Amino acid sequence: MLTTTQEKTHSASRVQHLRSYYPFFSHNPNTIYLDSAATALKPKPVLDAILDYYETKSVNIHRGVYSLSAQATEIYESTRQVIRNFLHAPENWEIIYTRGTTTSINLLAYSLLRVKKELAPFFSAWHTPLGKGDIIVLSESEHHSNIVPWQIITELTQSHIYFLPVRKNGTLDDSPLAGELKNLPVKIISLAAVSNVSGVVHDLKNFIEFAKNKGAIFIVDAAQAVCHGGFSLRDNPADFVAFSGHKIGGPTAIGILAGRKDVLSVLPPFEGGGDMILQVTKEKTTYNEPPHRFEAGTPPIGEVFGLRAAVEFLTLPLCREIMAQESELTTMAMEIIQELGGTLYGPSLDEVNSAKVKKAGIIAFNLGKIHPNDVGTLLDEQNICIRTGHHCCQLLMQAWQISATARVSLFLYNTKEELLLLKEALRQILRLFGKKIQ
Ligand code: PMP
């Protein structure tokens, strides 16, 4: 048995070992990166995989009869199974490559805009197309990429958005499910599994059950969930899942939309072009089966190579073990802010410690009346990268009656030492603004 001190050293040395996979740290030895919710740093295996594609293959996929094209096609296609495993998706699920969570949600929204009655066998609420008076349920804490596409769709269909209220602690109020929403024609519910501001890991069960009972479609924005504990369809049996590769250390401009193949088979495409067709005549085009139907044009081949490496890296025992300890750093960061007299947004330290609210390593805060942009700029002078602003969540800011926050977000490679340096830097900022601080 390891003693507590040995265990701590053990996990600290594991993180140091993990950091050696990230070239970022040798190029920026003095930088403390606390903005992984915006994008995660990229480990060497991801960079190698991208380079491998461009250096050793570099060819297009699907249409080539030569072996290099077949090899690249094989990696591109078999990566879908890697993603299926990552999401614990069953075999009858299809994996569509997109540009990211934003494109995944737009693709789905535009497709649902055009579908007529074909979805009725799968979702009873869809016996008529999305139209006047229909309801799309979102929450006040959604990222703009899970709001704006739906607003565009409601403008085109005269349907309406119902925003579930968010509580002060960042959790979602589900009381409308048994109240206002009970008798309304809900066709879509789209919610984030983890908030990119409060870090709350939302309990989606009631919302999923409500959608099932209504015959509505349930969509999960898993952009933050995949890098904070992971997203499992076994725990949250949604109908569609969207996420971005860059948040788990993959390349930018690659993401996933996952859904059941038979459901996707009745959805119209989002974009038209090469690769997504079976036959084109002057009169009409017949579309290819999913996933190809939704992947018009030359796909992001190098990005898929990189995404595969990111998922494989993240599922290594080393990364899984470190990820399982994220809560230690999360509470440490919260304690620091609290000790310095700052305001934490989202669940309180007590709620997190007592496991009343599950929170990922995303900590939004303010230091009294000091503008978060000032906090961010002054931290930058000390080589500490954090994010400030509304975090693409203006509805959440409105609900909480604030305009902006500072945000520290953590990933596998962050350490307690980095948080202690953050504490010291924040202390200096407070002093600069004339606050009396120990
Ligand atoms: N949803 C959430 C919860 C996010 O945090 C983000 C990115 N900040 C997005 C959606 C959008 O992701 P992307 O910009 O990669 O499309």
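Going by the structure above, here's the rest.
What you see is a predicted model, and the numbers here were worked out from it, not measured in a lab.

J.: Help me out: how do you make sense of the overall build of the protein chain in this one?
T.: Helix and strand counts for the protein chain stand at 16 helices and 15 strands. For the protein chain, the C-alpha radius of gyration of 23 Å lies close to 22 Å, the compact-globule estimate for 438 residues. Dimensions along the principal axes, computed over C-alpha positions, put the protein chain at roughly 75 × 60 × 45 Å. At a minimum sequence separation of 6, the contacts of the protein chain that also span at least 24 residues come to 70%. Element-wise, carbon and sulfur atoms account for 52% of the exposed surface of the protein chain, whose accessible area totals about 19200 Å². In the protein chain, the 42 positive side-chain charges and the 43 negative ones have mean positions that sit 3 Å from each other.

J.: Is there a simple way to think about unusual backbone geometry in this case?
T.: Peptide bonds are, in most cases, trans, and in most cases residues other than glycine have a negative phi. A cis geometry characterises the amide bond from Pro290 onward to Pro291, with omega recorded as 5°. Of note, the phi angle at Ala355 is positive, near 60°, even though the residue is not glycine. As for its placement among the helices and strands, Ala355 is situated in the loop between helix H13 (349-353) and strand S12 (362-366). Ala355 sits in the exposed class, given a relative accessible area of 59%.

J.: I'm lost on the nonpolar core in this one. Help?
T.: Across soluble globular proteins, nonpolar side chains show a tendency to be buried alongside one another. If you look at the biggest cluster of nonpolar residues, it comprises 82 residues, and the most contacted ones within it are Leu87, Phe218, Phe231 and Ile248. Each of two domains, domain 1 (9-34 + 319-432) and domain 2 (49-314), supplies a minimum of three residues to this core. The next biggest cluster of nonpolar side chains, apart from the first, holds 30 residues, and it includes Ala333, Leu344, Leu426 and Leu430.

J.: So what exactly am I meant to see when it comes to the layout of surface pockets here?
T.: Which parts of space are left empty comes out when a probe the size of a water molecule is rolled across the atoms. Size it by volume and the largest pocket reaches roughly 940 Å³. Val201, His228, Gly229, Gly230 and Lys358 are the residues nearest the centre of the largest pocket, which is lined by 38 residues in total. Every element with two or more residues in the lining of the largest pocket is listed here: helix H4 (67-87), helix H10 (301-314), helix H11 (317-323), helix H12 (326-339) and H13. At 4 residues, the largest contribution of residues to the lining of the largest pocket is made by H12. Three or more residues apiece are contributed to the lining of the largest pocket by two domains, here domain 1 (9-34 + 319-432) and domain 2 (49-314). Put simply, the second largest pocket is a space of about 410 Å³.

J.: Mind showing me how you'd approach the sheet that holds strand S5 (residues 186-192) here?
T.: Two strands in a sheet stick together by hydrogen bonds in their backbones, pointing the same way (parallel) or opposite ways (antiparallel). Strand order in the open sheet formed by 7 strands is S2-S8-S7-S6-S5-S3-S4, and the pairing between neighbours is mixed. Looking at strand neighbours, the two that pair on one side only are strand S2 (93-98) and strand S4 (160-164), the edges of this open sheet. Mean inter-strand twist for the sheet, computed between neighbouring axes without regard to direction, equals 20°. In the sheet, strand S7 (residues 240-244) pairs with strand S8 (residues 255-260) via 5 bridges, with the strands oriented antiparallel. Bridge pairing in S8 places Phe240 opposite Gly259. Together, S2, S5, strand S6 (217-221), S7 and S8 form the strand contacts of helix H5 (residues 101-114), whose direction differs from that of S7 by roughly 145°. Sitting on the sheet, helix H6 (residues 148-157) touches strand S3 (135-139), S4, S5 and S6, and the angle it makes with S4 is about 145°.

J.: Please explain the site of the ligand as it appears in this structure.
T.: Around the ligand sit Gly100, Thr101, Thr102, His143, Ser145, Asn196, Asp221, Ala223, Gln224, Ser244, His246 and Lys247, and that is every residue in its neighbourhood. His143 places a side-chain nitrogen or oxygen 3.3 Å from a nitrogen atom of the ligand. Protein burial of the ligand: of its 390 Å² of free accessible surface, 85% is covered by the chains. Placement of the ligand is best described as lying within the second largest pocket.

J.: Before we go on, may I ask you to explain the sheet that holds strand S15 (residues 405-409) in this structure?
T.: Overall, antiparallel pairing links the 4 strands, which are arranged S11-S12-S15-S14 in an open sheet. The open sheet has two edge strands with one neighbour each: strand S11 (343-345) and strand S14 (387-389). This sheet shows a mean twist of 30° between the axes of neighbouring strands, independent of strand direction. Across 3 bridges, S11 lies against S12 in antiparallel orientation. Looking at the pairing, Leu344 lines up with Phe365 of S12.

J.: Before we go on, may I ask you to explain H12 in this structure?
T.: Residues lying three or four places apart along an α-helix face the same way, a consequence of the helix completing one turn every 3.6 residues. The end-to-end C-alpha separation of H12 is 20 Å, in line with the 20 Å expected for 14 residues at 1.5 Å each. Of the residues making up H12, those classed as buried are Glu326, Leu329, Thr330, Thr331, Met332, Ala333, Met334, Ile336 and Ile337. Buried-residue contacts for H12 involve H11, S11, H13, S12 and helix H16 (416-432). In the stretch just after H12, Gly341 is the one whose phi turns positive, near 80°.

Cut-off values and rules
- Residues numbered from 1 in each chain as written.
- Predicted model: local features only at pLDDT ≥ 70, side-chain atom pairs only at ≥ 80, totals over all residues.
- Heavy atoms only, no water.
- Helix = DSSP H or I, 4+ residues; strand = E, 2+ residues; numbered from the N terminus.
- Rg over C-alpha atoms; globule rule 2.2 N^0.38 Å.
- Contact = heavy atoms within 4.5 Å.
- Areas by Shrake-Rupley, 256 points an atom, 1.4 Å probe, with all protein chains shown as cover.
- Lys, Arg positive; Asp, Glu negative; His and termini not counted.
- Charge placed at Lys NZ, Arg CZ, Asp CG, Glu CD.
- Buried < 20%, exposed > 50% of the residue type's maximum accessible area, 1.4 Å probe, protein only.
- Core = buried A, V, L, I, M, F, W, Y, C linked by side-chain atoms within 4.5 Å.
- Domains from an automatic or database assignment.
- 1 Å grid on protein atoms, 1.4 Å probe; cavity = no way out; pocket = protein on both sides within 12 Å on 5 of 7 lines; lining within 4 Å.
- Points joined across faces, edges and corners; volume = space filled by probe spheres on them.
- Pairing = 2+ DSSP bridges.
- Axes fitted to C-alpha atoms, helices over the stretch in contact; angles between N-to-C directions.
- Near = heavy atom within 4 Å.
- Polar contact = N/O pair within 3.5 Å; in protein donor to acceptor, adjacent residues only side chain to side chain.
- Sits in = over half its atoms within 2 Å of the grid points.
- Expected span 1.5 Å × (residues − 1).

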